[in-house]
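The residues making up each chain are set out below.
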Amino acid sequence: MRLKQFRTELIDALDVDQATRERLDELELWELLLHYLSWRDRVVVPRPRQIEVQDGFWSSSLSQKFSSQISLLLGEIEKGADIRPYLSDKIEKFSLPEPHPKKPNATDWRGRDFVLSVYDLHHLHLGERQANNQVKRSDHLLFIGFGRDVARLICVDTHAAFFDGRMTEAAE
């Protein structure tokens, strides 16, 4: 009975439509937990963190080009500020992975975070802050790993790095 209540509370927390709710209800508990935790992991809990820098980070031309935005962001991370304005504007919306409409045996990652799921790295937008406090979506991203007390700068790249192999190289 307690597990059934727990399942219900997890699904309720996702605020999904009835069709998605029914799909979630059919999952084994471990699968439901996996999807729930993958979704919640998208939000970086605000807390002060030390900054670590991967070797070669600052030698990149893109890291140098966006050094002022990166420095501002690092100051916020060190203080423990809420960095949601730098994240995707879709982080609060839950979605289940779907089969790719054109590629058999592939996953359609729209609505999901490929780099977080595969490499355990967040990507933060390096655009300018707007009047609503959100950071303007940009193609240039800071890829960063978050631990409880540490944030590790990996690289600056574009959305294309998600799928062309550059993230595999950068994350190693």
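Residues numbered from 1 in each chain as written. Predicted model: local features only at pLDDT ≥ 70, side-chain atom pairs only at ≥ 80, totals over all residues. Heavy atoms only, no water.

Observations concerning the overall build of the protein chain
Part 1 of the argument: Scanning the protein chain from N- to C-terminus turns up seven helices and six strands.
Part 2 of the argument: Taken from the N to the C terminus, the helices and strands of the protein chain come in the order α-α-α-β-α-α-β-β-α-β-β-β-α.
Part 3 of the argument: The 172 residues of the protein chain split such that 39% are buried.
Part 4 of the argument: For the protein chain, the share of sequence-separated contacts (at least 6 apart) that also reach a separation of at least 24 residues comes to 55%. (Helix = DSSP H or I, 4+ residues; strand = E, 2+ residues; numbered from the N terminus. Buried < 20%, exposed > 50% of the residue type's maximum accessible area, 1.4 Å probe, protein only. Contact = heavy atoms within 4.5 Å.)

Side note on helix 3 (residues 29–40)
Residues that lie three or four places apart on an α-helix share one face, since the helix turns once every 3.6 residues.
Part 1 of the argument: Relative to the 16 Å expected for 12 residues at 1.5 Å per residue, helix 3 spans 16 Å between its end C-alpha atoms, a close match to the ideal helical length.
Part 2 of the argument: When we look at burial in helix 3, the residues that qualify are Leu32, His35, Tyr36 and Trp39. For helix 3, the angular spread of buried residues about the axis comes to 95°, placing them on one side. Along helix 3, the residues that are exposed and aim more than 90 degrees away from the buried face are Trp30 and Leu37.
Part 3 of the argument: For helix 3, the secondary structure elements touched by its buried residues are helix 1 (2–14) and helix 2 (18–25). (Expected span 1.5 Å × (residues − 1). Arc of directions from axis to C-beta.)

What to know about the packing of aromatic side chains
Part 1 of the argument: A complete count under the given rule lists two aromatic pairs for this structure.
Part 2 of the argument: Taking the centre distance of 4.9 Å and the plane angle of 90° together, the rings of phenylalanine 57 and tryptophan 58 count as edge-to-face.
Part 3 of the argument: Note on phenylalanine 57: relative accessible area 2%, which makes it buried.
Part 4 of the argument: Its guanidinium or amino end placed over the ring of tryptophan 39, arginine 40 lies 4.5 Å from that ring's centre, counting from NZ or CZ. (Phe/Tyr/Trp six-rings, centres within 6.5 Å; stacked < 30°, edge-to-face > 60°. Lys NZ or Arg CZ within 6 Å of the ring centre and 35° of its normal.)

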